[in-house]
Amino acid sequence: MHIQKKILHVLASLARGLHLWPFIARSGLFNRARRRKYPDTIVHLDVVITECCTLRCRDCSNLMQYYHKPENLDAEEMVTCLRRLLASVKVNQLKLLGGEPFVCQKSLIRILEYLRDETDGRVNEIDIITNGTIVPSEETLNTVTKDPRIKIVFSNYGELSSRLEELSSICDNKGIRYEIVNDDFWWDFGDLRIRDEKQSKTQHRYDGCYSRRLCTTLYRGKLYICPRQAHAINLGIIPEVKDEIVDVKDPLFDDPSVLHKAVDILIDRRECISTCKRCGCDSGKKVSRAVQAERPINVS
Ligand code: SF4
């Protein structure tokens with residue numbers, strides 16, 4: 001299994017290096033292989049639990065830098081949506097993120113307890129994605145230790161991740177699984193202006209998009225293709241287009257099989273979404289990771 005994973009990783013890197021992803025995705029090969037390997041499953045699901053963050057990264061690809069009044073989301077609403085979604089599909093890797101998820105530990109605990117008590121066999125892995133700036137409370141850490149599916153993933157931003165050393169030794173002592181991600185740079189997704197380009201170029205961007213494959217996003221009760229789309233809509237930068245999202249709360253989806261079908265259609269979507277016109281994820285430009293903005297950025 002481990003070797004198979006490694007081979008897949010090498011093949012994916014090769015496809016990226018040779019710029020083959022847009023063609024593989026366009027052919028539908030990737031989605032078909034994924035469906036075979038993970039039937040009835042969202043392979044990677046980002047669950048946004050807060051817009052608040054302890055850092056303000058100028059180039060955050062999830063657009064947190066544009067929030068002037070960030071909010072923590074309502075825990076009960078998130079549990080209700082997760083319950084509906086997980087009654088219709090399974091999730092392989094569920095990522096809890098923000099913003100910074102440790103800024104709202106009460107909500108985090110509520111969600112972790114729900115996942116522990118009700119989602120055995122429905123969710124394989126649970127990752128908490130954190131920037132290493134907050135040491136969670138004993139109560140939070142104890143909740144984490146009670147579910148072996150949970151791993152804490154630290155994004156290491158050097159000096160900015162000021163509590164990382166302390167956090168990793170706490171994890172060692174408590175037997176909590178963790179991973180430290182040391183990215184040397186970020187890919188620049190660019191600003192949110194509309195690109196003056198041919199439709200084929202926008203489609204090519206979507207076809208090769210990493211976020212689209214790995215970051216299906218659940219945010220404020222709706223399922224999105226990617227986090228950029230989710231936050232651009234919530235920030236009022238682009239209008240919501242009905243067939244580009246799934247509103248999990250919609251009574252239309254009271255029947256789990258109907259919701260399942262809608263999720264499949266969204267994930268298998270071949271046509272690019274409106275947000276791709278306002279995205280530069282294929283620019284190939286690198287930026288220094290976690291450069292801090294002095295204040296929230298205005299959308300120009
Ligand atoms: S907006 Fe389109 S191209 Fe950009 S990250 Fe989302 S799916 Fe990918």
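Residues numbered from 1 in each chain as written. Predicted model: local features only at pLDDT ≥ 70, side-chain atom pairs only at ≥ 80, totals over all residues. Heavy atoms only, no water.

Participant: What should I look at first to understand the overall build of the chain in this one?
Facilitator: Each helix and strand in the chain was counted, giving 11 helices and 10 strands. Each principal axis of the C-alpha atoms in the chain carries an extent, and together these give about 55 × 45 × 45 Å. Sorting the 300 residues of the chain into buried and exposed places 51% on the buried side. If you take every contact in the chain between residues at least 6 apart in sequence, the share linking residues at least 24 apart comes to 80%. (Helix = DSSP H or I, 4+ residues; strand = E, 2+ residues; numbered from the N terminus. Buried < 20%, exposed > 50% of the residue type's maximum accessible area, 1.4 Å probe, protein only. Contact = heavy atoms within 4.5 Å.)

Participant: How should the nonpolar core be read in this particular structure?
Facilitator: For soluble globular proteins, nonpolar side chains are generally found buried alongside one another. Of all hydrophobic cores here, the largest spans 72 residues; its most connected members are Ile42, Leu45, Leu85, Leu94, Leu96, Leu115 and Leu223. Leu96 has contacts with Val47, Ile49, Pro101, Leu108, Ile111, Leu112, Leu115, Ile126, Asp127, Ile128 and Ile129, leaving out every residue within four places of it along the chain. (Core = buried A, V, L, I, M, F, W, Y, C linked by side-chain atoms within 4.5 Å.)

Participant: Hey, could you run me through the site of the ligand in this one?
Facilitator: The environment of the ligand is formed by Phe189, Arg205, Tyr206, Cys209, Ser211, Cys226, Thr275, Cys276, Cys279 and Cys281. Counted by class, the shell around the ligand contains 7 nonpolar, 2 polar and 1 charged residues. (Near = heavy atom within 4 Å. Nonpolar A, V, L, I, M, F, W, Y, C, P; charged D, E, K, R; others polar.)

Participant: Sorry if this is basic, but what is going on with the domain arrangement of the chain here?
Facilitator: One frequently used descriptor of interface size is the decrease in accessible area upon assembly of the parts. Here the chain is described as being made up of domain 1 (1-37) and domain 2 (40-288). Contacts between the two partners involve 12 residues from domain 1, matched on the other side by 12 residues from domain 2. A buried area of about 1,300 Å², summed over both sides, lies between domain 1 and domain 2, and 45% of it is on carbon and sulfur atoms. Interface area lost by domain 1 to domain 2 is led by Arg26, Arg34 and Arg35, which between them contribute 50%. Our count for the contact surface shared by domain 1 and domain 2 stands at 2 salt bridges. A salt bridge links Asp268 to Arg35, with the nearest nitrogen and oxygen atoms 3.2 Å apart. At the junction of domain 1 with domain 2, the criterion picks out 3 residue pairs in polar contact (both at pLDDT 80 or more). If you tally residues by element for the side of domain 1 that touches domain 2, the top one is helix α2 (residues 21-27), at 6 residues. A per-class count over the side of domain 1 that touches domain 2 returns 5 nonpolar, 3 polar and 4 charged. (Domains from an automatic or database assignment. Buried area = accessible area lost by both parts, 1.4 Å probe. Salt bridge = Lys/Arg side-chain N within 4 Å of Asp/Glu carboxyl O. Polar contact = N/O pair within 3.5 Å; in protein donor to acceptor, adjacent residues only side chain to side chain.)

Participant: I tried to follow a nonpolar patch on the surface on my own but got confused; where do I start?
Facilitator: On the surface, a nonpolar cluster with roughly 820 Å² of combined accessible area is contributed by Ile3, Ile7, Leu8, Leu11, Leu14, Leu18, Leu20 and Phe23. In terms of residue count, the dominant contributor to the nonpolar patch is helix α1 (residues 2-17) (5 residues). Positionally, Ile7 belongs in helix α1. (Patch = residues over 30% accessible without salt bridge, like charges linked within 9 Å, V, L, I, M, F, W, Y side chains within 5 Å. Areas by Shrake-Rupley, 256 points an atom, 1.4 Å probe, with all protein chains shown as cover.)

Participant: Would you mind going over the packing of aromatic side chains with me for this structure?
Facilitator: Given two aromatic rings, one states the distance between the centres and the angle between the planes to describe the pair. The final tally for this structure, using the stated rule, is 3 aromatic pairs. Arranged with centres 5.2 Å apart and planes meeting at 85 degrees, the rings of Phe185 and Trp187 form a pair that is edge-to-face. Here Phe185 falls in the partly exposed class, since its relative accessible area comes to 31%. The exposure class of Trp187 is partly exposed, given its relative accessible area of 44%. Over the face of the ring belonging to Phe185 we find Lys286, whose NZ or CZ atom lies 4.3 Å from the ring centre. (Phe/Tyr/Trp six-rings, centres within 6.5 Å; stacked < 30°, edge-to-face > 60°. Lys NZ or Arg CZ within 6 Å of the ring centre and 35° of its normal.)

Participant: What exactly am I supposed to notice about the pairing of strand β5 (residues 177-181) here?
Facilitator: Residues in a regular strand point their side chains to alternate faces of the sheet. Bridge analysis of strand β4 (residues 150-155) against β5 gives 5 bridges, and the strand direction is parallel. When the sheet's bridge partners are listed, Phe154 is paired in β5 with Ile180. (Pairing = 2+ DSSP bridges.)

Participant: Any chance you could explain the sheet that holds strand β3 (residues 123-130) here in plain terms?
Facilitator: The pairing of strands in a sheet happens through backbone hydrogen bonds and is either parallel or antiparallel. Spatial ordering of the open sheet is given by β5-β4-β3-β2-β1-β7-β8-β9, a layout of 8 strands whose pairing is mixed. Each edge of the open sheet carries a strand with a single partner, namely β5 and β9 (245-247). If you compare each strand with its neighbour and ignore which way they point, the axes differ by 25 degrees on average. Where β3 meets β4, 5 bridges bridge the pair, whose relative direction is parallel. By the bridge assignment for β4, Thr130 is matched with Phe154. Relative to the sheet, helix α4 (residues 75-88) contacts β1 (41-48), β2 (90-97), β3, β7 (216-219) and β8 (222-224), its axis offset from that of β1 by approximately 175 degrees. (Axes fitted to C-alpha atoms, helices over the stretch in contact; angles between N-to-C directions.)

Participant: Explanation requested: the packing of helix α5 (residues 105-118) against helix α6 (residues 138-145) in the structure shown.
Facilitator: Angle between the axes and distance between the axes: these two values describe a pair of packed helices. Taken N-terminus to C-terminus, the directions of α5 and α6 make an angle of 20 degrees; their axes are 10 Å apart at the nearest point. Judged by the angle between their axes, α5 and α6 are roughly parallel. Here the hand of the crossing between α5 and α6 comes out left-handed. Across the interface between the two elements, Gln105, Leu108, Ile109, Leu112, Glu113 and Arg116 from α5 touch Glu139, Thr140, Thr143 and Val144 from α6. (Parallel < 35°, antiparallel > 145°, perpendicular 65-115°, else oblique. Left-handed = near helix turned anticlockwise from the far one by under 90°.)

Participant: I keep staring at the pattern of salt bridges and nothing clicks. Help me out?
Facilitator: Two side chains bearing opposite charge may form a pair once their charged atoms approach each other closely. Applying the stated rule across the entire model yields 24 salt bridges. Glu240 is paired through a salt bridge with Lys222; the nearest N and O atoms lie 2.9 Å apart. Taken as a pair, Glu240 in the loop between α10 (227-234) and β9 and Lys222 in strand β8 lie far apart in primary sequence, 18 residues in all. The salt bridge partner of Arg295 is Glu294, with a shortest N-O separation of 3.6 Å. Overall, the relative accessible area of 55% leaves Arg295 in the exposed class. Beyond isolated ion pairs, a larger network of salt bridges with shared partners links Glu197, Lys201, Arg205 and Asp282.

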